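# Notes for the structure review
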Amino acid sequence: MQNKMSPMRNNLTPVASAVAVLIMSVAMQAQAQEAAKPAAPQEVVVTGIRASLQQSLNQKRNADNFVEVITAEDIGKMPDKNVADSLQRVPGVSVAAAGGGEGSFGENDRVALRGTPFGLTLTTLNGHSVSSGDWFADNIVGGGRSVSFSLFPSELIGRVTVHKGSQANLLDGGAEGVVDIETRKPLDFKKQFNAQASIGLVNSANSGKSDPQLSGLIAWKNDASTMGILVQAFHQKRTLSRAGQENQIWWDKVDVGSPIDSAIKGAGTANTATSPASGAVTNYLGGTAWFEQQRTREGGLIDFQFKPSKDVSIDITAFQSHLDAPNVNHNFMQSLGRFVGPSWATTGFPTSAVSGTLSQGVISQLSVGNPAGCVPCSGMSSSVQEIFSRPVAESQSQFFNIDGSFRVNDQLTLAGKVGTTKGLGNTISGAMGIWMPWTGGSYTVQGSDKPVIYVTPGADKFSIGGFNNGAPGTPGAPYTYGSHVTANDKEDYAQIDGTFKTNLASIPTLRFGFRAAEHKRDLTSIGNNALPGLSNAANLPMSGLTAFPAIFNDLGANGAGYWTFSQASVNAWLAQYTNYSGHLLQNEFSIKEPTQSAYVMADFAGEGISGNFGLRVARTSEQVTRNEIGASGNFEPRTYNNNYVDFLPSANFRMDLNKDMVARFSVSRTMARPELGQMAGLDLRDVQGTGNGGNPNLKPIRANTVDLGVEWYFAPKSLVSADIFYSALDGYVTYGASTGTFYNQIQKKNTVYAMSTPINTQAEVKGLELAYIQALPAGFGINANYTYTLGKETGAAPGSKCGDLLAPDCTLIGTSKNAYNIGAFYEDGKFSARLTYSYRSGFLNGTSRNSAAYQNDIGTLSATLAYQINDSFSISLDGKDLNNPLVSSTWKTPGAADLPASLYKNGRQIFLTLHAKM
């Protein structure tokens, strides 16, 4: 199915075979070299942790603006499987293991600077833009700007530079900064021929499975170092089994006159008058979620460098990475709250069978019985099993880029880039839904950061019945929904840059340039339709019946032993009884965004002071086409056009206070274009009647930023630094409440939804960054950093949480007030070890029409042990998430106590790897 329906496939040679051959080649040549070596002792050159630390500090010290630098050894000496894993240890950088509110998957996926949303940080690769995609449908629909770091394995990287400030020659689009990923170049190697390879396994504790990790590199250059070629390939798999509880699916207010309302009021006490149950929040749908996924990341990079003369150089690079991530989410959800409300249950359910506790506006405990002779019980269900499978879930990033430079004369050098980059997000999803007979049950809320205790009699045995889900005469009839969502993202670009060396001592260099690009994104959505036989329970794949695993005991939640169906059996059932046809026009859109920019920048230098100042001008045109309900009642295309010009001045000052201390000051105006999905995406919850919809008239986010810092390089490989920063955001995107009419796939008709719609407002973010690094005697070293951030909305936009007159919440999305990293390392000629603990406090992860989801505090522990067998071989043992962290979130609703939203545990990951080089 995947090969037929994937619109973009990896055309590279199968990388697993290539890496295996490369490893064998390296091993054979290494053995030959070992045999030919003289017995005399060899000089040991330190190239490990301490060497890369010194490189990073040197580059930071010599930079004109505020930067953080990570070199290849930094990435290679920790269990960093993509660049985001390494960046989380940099002050001022925050990462998340997901692109939105879908939870954590044990691998960092998004990067943001200084407590702001991901879309305000621009990610480039070798200085040019890069498109990527997502495999999760919500992110495919709502994203488009931020880059998925799951597509970029650490083996590709030579260096990563984080620009926290701005300067005119950096690409526009990063309101809070730019992360530039630099790959290795063939002419940068010292030796004429280089080969590196690694072969290893990763063991994921929750799944109990070990999967291969393969990567390799070959680089060659001629004797004159005027021509070189580099080839890299990678093939990495990981099997994920995540224990989770998802309670945020549907918290809502108790219906007036419902059995819950009547029972709580009838209990007497203060509940009757001061806290009527009809205004309280209860759980309508929530429960156990078991997520399984097998991720295969493969691809490669080819880089050809050519210097035909001392004045001309050409660099051609091609890259492709493909993440294949089919998955299934088993959802066993309790439905007591909804079925003892009038919307789904028939009237007449005995109030005497309902009891509960009302506390701070929440039904914190609810018990509902199964009374004998209950007539309405035959049409009710205590729980529902919804197995949501994605047999196709993939993302892809690729680019082709040509860099060239030409030294016109001793004063003028011209450089240019031309290229194209593409991203893909593609997901085919379908649900197997099964309502179970009414058995009664209960739930108990233990606290906002603890799992809810759901008790559902008979959850460990397969059963079907109760609610008919719109299929009269067929109690408990199976149902389905889903879609095939594909987003294609593409940018073509060209730029020219000039460097002019003046004869002025105070302004030695002038830089200038021009860039033109055209960004396109289109999204298609095709519905999942039930075929004859789907609603017949006799057609369920009973041979695939299985149970939730024991890992739910570790989560502290019910679920272990609950019945479910395997992914393979669900996929076979979907393939036989559903098809994908008919465009869901309301979900589809296309965006065309041409941009042009030009800049001029001067480097200046004086006694103990240096830096740059300049101006960048950026022009943006946006054409957003989406489908809206027309006069005929049908969905018809409508196009919105917007144009804007931004003037972006910047100035950076670097002052040498003495031989060991550097002070910096930076001021700039920057901008970021709104997320593409925020302008046109549509994400609906058909059962709840809620959703998020795009705003095609969103304006860009513009920031006025100020940075001030001091750095003390008090010893070799050592640093103490302090930075303060402030950013005023004009156009920050928040969410306001509205309504909209859309087609409901479950009800099969147009219905009115309560919507959250992105709108522009104002905000600010400010904070302090502290860092301490020191190489100690005898091979030891320590590093620590701390970031304090305050972010808030200041605009109080009408309809937004901040604009709520009764309970305003002006929290900025993504802002953790406190974040820190503590690490220690040891290294000698043969053995090295490193231990790091990373922590960030809770932050706002997203909002809906009446509530907000906050991710709670989280800390992760990682470690690595490495042994250098000889000059050609080494072995490493890496541990990721060794403390098995709980990733949890809290649901906050005005006027009610905080509630547990979601809790996830992905388990520990252990990597064992053999490295070879020559």
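Residues numbered from 1 in each chain as written. Predicted model: local features only at pLDDT ≥ 70, side-chain atom pairs only at ≥ 80, totals over all residues. Heavy atoms only, no water.

### Quick word on the overall build of the protein chain
- Each helix and strand in the protein chain was counted, giving 12 helices and 43 strands.
- Here the C-alpha radius of gyration of the protein chain, 29 Å, is about what a compact globule of 918 residues would show, namely 29 Å.
- Taken along the three principal axes of its C-alpha coordinates, the protein chain extends 95 × 60 × 50 Å.
- For the protein chain, buried positions account for 57% of its 918 residues.
- Of the accessible surface of the protein chain, which amounts to about 34900 Å², a share of 57% is contributed by carbon and sulfur atoms.
- Looking at charge distribution, the protein chain has the averaged site of its 71 positive side-chain charges lying 1 Å from that of its 73 negative ones. (Helix = DSSP H or I, 4+ residues; strand = E, 2+ residues; numbered from the N terminus. Rg over C-alpha atoms; globule rule 2.2 N^0.38 Å. Buried < 20%, exposed > 50% of the residue type's maximum accessible area, 1.4 Å probe, protein only. Areas by Shrake-Rupley, 256 points an atom, 1.4 Å probe, with all protein chains shown as cover. Lys, Arg positive; Asp, Glu negative; His and termini not counted. Charge placed at Lys NZ, Arg CZ, Asp CG, Glu CD.)

### Some points on the environment of Leu-540
- Structurally, the position occupied by Leu-540 is in the loop between β21 (509-530) and β22 (545-547).
- Since its relative accessible area comes to 5%, Leu-540 is described here as buried.
- Separated by 30 residues in the primary sequence, Leu-540 and Val-570 have C-alpha atoms spaced 8.7 Å apart.
- Once you skip the residues sitting within four places of it in the chain, Leu-540 turns out to touch Met-432, Ile-434, Phe-462, Ile-464, Pro-478, Phe-565 and Trp-573. (Contact = heavy atoms within 4.5 Å.)

### Thoughts on the state of the cysteines
- Taken as a whole, this structure holds 2 disulfides when the rule is applied.
- Two residues share a disulfide in this structure: Cys-374 and Cys-377, whose sulfurs sit 2.2 Å from each other. The sign of the S-S torsion, about 85°, decides the handedness of the disulfide formed by Cys-374 and Cys-377: right-handed. Cys-377 carries the same exposure label as Cys-374, and that label is buried.
- Here Cys-802 engages in a disulfide with Cys-810; their sulfurs sit 2.0 Å apart. The chirality of the disulfide connecting Cys-802 with Cys-810 is right-handed, given an S-S dihedral of about 80°.
- Of the residues examined, Cys-802 reaches a relative accessible area of 6% and is grouped as buried.
- When its relative accessible area of 25% is taken as the criterion, Cys-810 is described as partly exposed.
- If you count the bonded cysteines of the protein chain from the N-terminus, they pair up as 1-2, 3-4. (Disulfide = S-S within 2.5 Å.)

### Description of the confidence of the model for the protein chain
- Of all residues in the protein chain, 91% attain a pLDDT of 70 or more, and the chain-wide mean is 88.
- A low-confidence stretch, residues 1-46 (pLDDT under 50), is modelled with 78 contacts involving residues beyond four sequence positions or located in other chains. (pLDDT = per-residue confidence, 0-100.)

### Thoughts on the sheet that holds strand β6 (residues 157-163)
- One open sheet holds the 5 strands; their spatial order is β1-β6-β7-β4-β5, and the pairing between them is mixed. Bordering the open sheet on either side are β1 (67-71) and β5 (128-129), each of which pairs with just one other strand.
- Alignment of β1 against β6, held across 5 bridges, turns out to be antiparallel. If you follow Ile-70 over to β6, its bridge partner there is Val-160.
- Contacts between helix α3 (residues 49-62) and the sheet are confined to β1 and β6, with β1 contributing the most and set at about 155° to the helix. (Pairing = 2+ DSSP bridges. Axes fitted to C-alpha atoms, helices over the stretch in contact; angles between N-to-C directions.)

### Quick notes on the packing of aromatic side chains
- Applying the stated rule across the entire model yields 35 aromatic pairs.
- Measuring from centroid to centroid gives 5.2 Å for Trp-250 and Tyr-284, while their planes differ by 90°, and the two rings are edge-to-face. One end of the pair, Trp-250, is in strand β10 (residues 227-253); the other, Tyr-284, is in strand β11 (residues 281-309), and 34 residues separate them in sequence.
- Using a relative accessible area of 7% as the deciding quantity, one classes Trp-250 as buried.
- Looking at Tyr-284, the relative accessible area reads 2%, which means it is buried.
- Between the aromatic rings of Trp-435 and Phe-467, the centroid separation amounts to 5.1 Å while the plane-to-plane angle is 90°, which identifies the pairing as edge-to-face. You can see Trp-435 sitting in strand β17 (residues 412-435) and its partner Phe-467 sitting in the loop between β19 (453-455) and β20 (482-501), a full 32 residues away along the chain.
- Classification of Trp-435 by relative accessible area gives buried; the value is 4%.
- Here Phe-467 falls in the buried class, since its relative accessible area comes to 16%. (Phe/Tyr/Trp six-rings, centres within 6.5 Å; stacked < 30°, edge-to-face > 60°.)

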